[in-house]
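Each chain, written out:
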Amino acid sequence: MKNVNAVLLLLTVLIFSGCASVNKVQQQKEMFVYVGTYAKPDAEGIFGYQLNEETGELTQVLRVKAGPNPSYLALDKDRKHLYAVNEVTEYEGQKSGAVSAFAIDSKTGDLTLLNRQLSLGGAPCYISVDEKNKLALIANYMGGNVTAFPIQEDGKLKSATGMDQHVGKGPKPQQDAAHAHCILPDPAHKFVLAVDLGIDQIIRYKVNTGSEDLLERQSQPAFQAKAGAGPRHLTFHPNKRFAYLMNELDGTLSALEYNSSKGSFTEIETVSALPEGYTGGVSGADIHVSPDGRYVYGSNRGHNSIVVFKIDERTGKLTLMQHVSTHGDWPRNFTLTPSGKMLLVANQRSNNITTYHVNTQTGELTYTGKSIELASPVYLQVVPEFMATPK
């Protein structure tokens with residue numbers, strides 16, 4: 001009887017040990033990351049990685065030919081399709097960039113090209129998709145215009161049925177003409193907002209789904225930035241009341257309050273995104289709010305850092321928390337995982353991607369020591385819904 005009990009005890013230990021091992025594997029948070037790059041037309045340009053959120057390790061599992069310079073990416077809301085701008089000034093003999101649509105294999109993350117359309121402007125640098133997966137919005141940097149593309153049920157892009165040309169210039173050399181740099185729907189899905197670096201404005205549109213011209217420009221801009229600020233990227237706070245604007249040319253970050261009924265912003269404050277006393281090159285780039293709405297992060301090219309601010313959730317004002325090195329050169333883009341526990345940085349000129357643990361209590365970043373090499377990484381898109389199997 002004692003022998004039987006001993007065997008039963010041993011089996012119980014083994015079963016629970018096995019369950020513990022399975023649970024340990026299941027608790028390892030791995031997710032998929034697409035990376036857009038600057039690449040030649042016949043080269044692989046979109047890459048896929050598995051990210052271990054516990055360690056910050058990235059493992060390449062996918063590489064796809066996606067046309068020239070598939071830089072900025074956007075997922076549809078169902079995670080079935082991926083869209084990429086082809087950031088060139090001439091495509092197939094036309095003075096225009098292009099936009100590519102891909103179907104996503106939900107098991108592997110692999111991409112199948114569905115179709116490609118002209119962007120109707122040079123150097124498209126930003127793309128977003130509306131909440132209903134009906135519209136792709138493009139900012140053409142060199143073209144100085146924005147375009148809207150209806151999305152078909154199968155994910156393909158129809159030709160553009162909305163285009164608006166921005167006109168003007170600013171006081172700095174980089175502002176010789178309009179340079180649209182960001183376009184996205186507002187949280188209420190009432191307006192579309194376009195950030196233009198060349199004319200220091202956020203321009204607002206209404207979307208006319210029943211019209212041949214989808215974008216109806218409103219008479220007044222949504223926001224007028226300081227002359228020479230060079231507004232680049234805009235992001236909203238989860239409360240939808242606040243928004244944050246990264247200004248490229250003067251190295252500042254603006255906290256804004258949004259009036260959703262009018263589609264307009266009021267400035268709360270504008271603060272430097274650079275350390276006090278810094279005298280080097282200035283080129284603000286990307287901006288993101290943490291999923292819990294407590295912190296906002298911005299990337300500084302030249303200084304090669306991520307700046308961290310704490311957000312006063314009552315007023316929207318900012319308190320500087322940290323500057324941390326990106327361990328690379330020219331942090332064009334960065335992103336946070338949906339949990340807010342990890343931040344990834346694409347260092348364009350040093351050809352590497354670095355990862356950081358995020359202290360969710362303080363917002364501060366700690367370098368994981370993990371860095372992978374990749375030529376000209378430009379954009380990072382996390383997909384937590386599936387894990388790809390290495391090929």
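Anyway, here's the lowdown on the structure attached to this text. Note that the structure is predicted; figures quoted are calculated from it, not measured.

**Observations regarding the sheet that holds strand β28 (residues 365-373)**
- Read across the open sheet, the four strands follow the order β25-β26-β27-β28; overall the sheet is antiparallel. Taken across any chain shown, the strands that pair with only one partner, and hence form the sheet edges, are β25 (331-336) and β28. For this sheet, the mean inter-axis angle between neighbouring strands, taken without regard to orientation, is 20°.
- The pairing of strand β27 (residues 352-358) with β28 spans six bridges and is classified as antiparallel. The residue bridging His357 from the neighbouring strand is Thr366, located in β28.

**Topic: the packing of aromatic side chains**
- Per the counting criterion, the structure on display carries seven aromatic pairs.
- Pairing Tyr258 with Phe265 gives two aromatic rings, centres 4.8 Å apart and planes at 40°, and the pair type is tilted. Side by side, Tyr258 and Phe265 carry an identical accessibility label, which is buried.
- On the basis of an interplanar angle of 40° and a centroid distance of 5.4 Å, the ring pair of Tyr356 and Tyr367 is categorised as tilted. A residue pair is termed long-range when its members are at least 10 positions apart, and Tyr356 in strand β27 and Tyr367 in strand β28 qualify at 11 residues.

**Observations concerning the sheet that holds strand β17 (residues 231-236)**
- Within the open sheet, the four strands sit side by side as β17-β18-β19-β20. Their pairing is antiparallel. Here the strands that pair on one side only, and so sit at the sheet edges, are β17 and β20 (264-272). The mean angle between the axes of side-by-side strands here comes to 25°, regardless of whether they run parallel or antiparallel.
- Bridging between strand β18 (residues 242-247) and strand β19 (residues 252-259) involves six bridges; their strand directions are antiparallel. Paired with Met246 across the two strands is Leu253, which belongs to β19.

What counts and what doesn't
- Residues numbered from 1 in each chain as written.
- Predicted model: local features only at pLDDT ≥ 70, side-chain atom pairs only at ≥ 80, totals over all residues.
- Heavy atoms only, no water.
- Pairing = 2+ DSSP bridges.
- Helix = DSSP H or I, 4+ residues; strand = E, 2+ residues; numbered from the N terminus.
- Axes fitted to C-alpha atoms, helices over the stretch in contact; angles between N-to-C directions.
- Phe/Tyr/Trp six-rings, centres within 6.5 Å; stacked < 30°, edge-to-face > 60°.
- Buried < 20%, exposed > 50% of the residue type's maximum accessible area, 1.4 Å probe, protein only.

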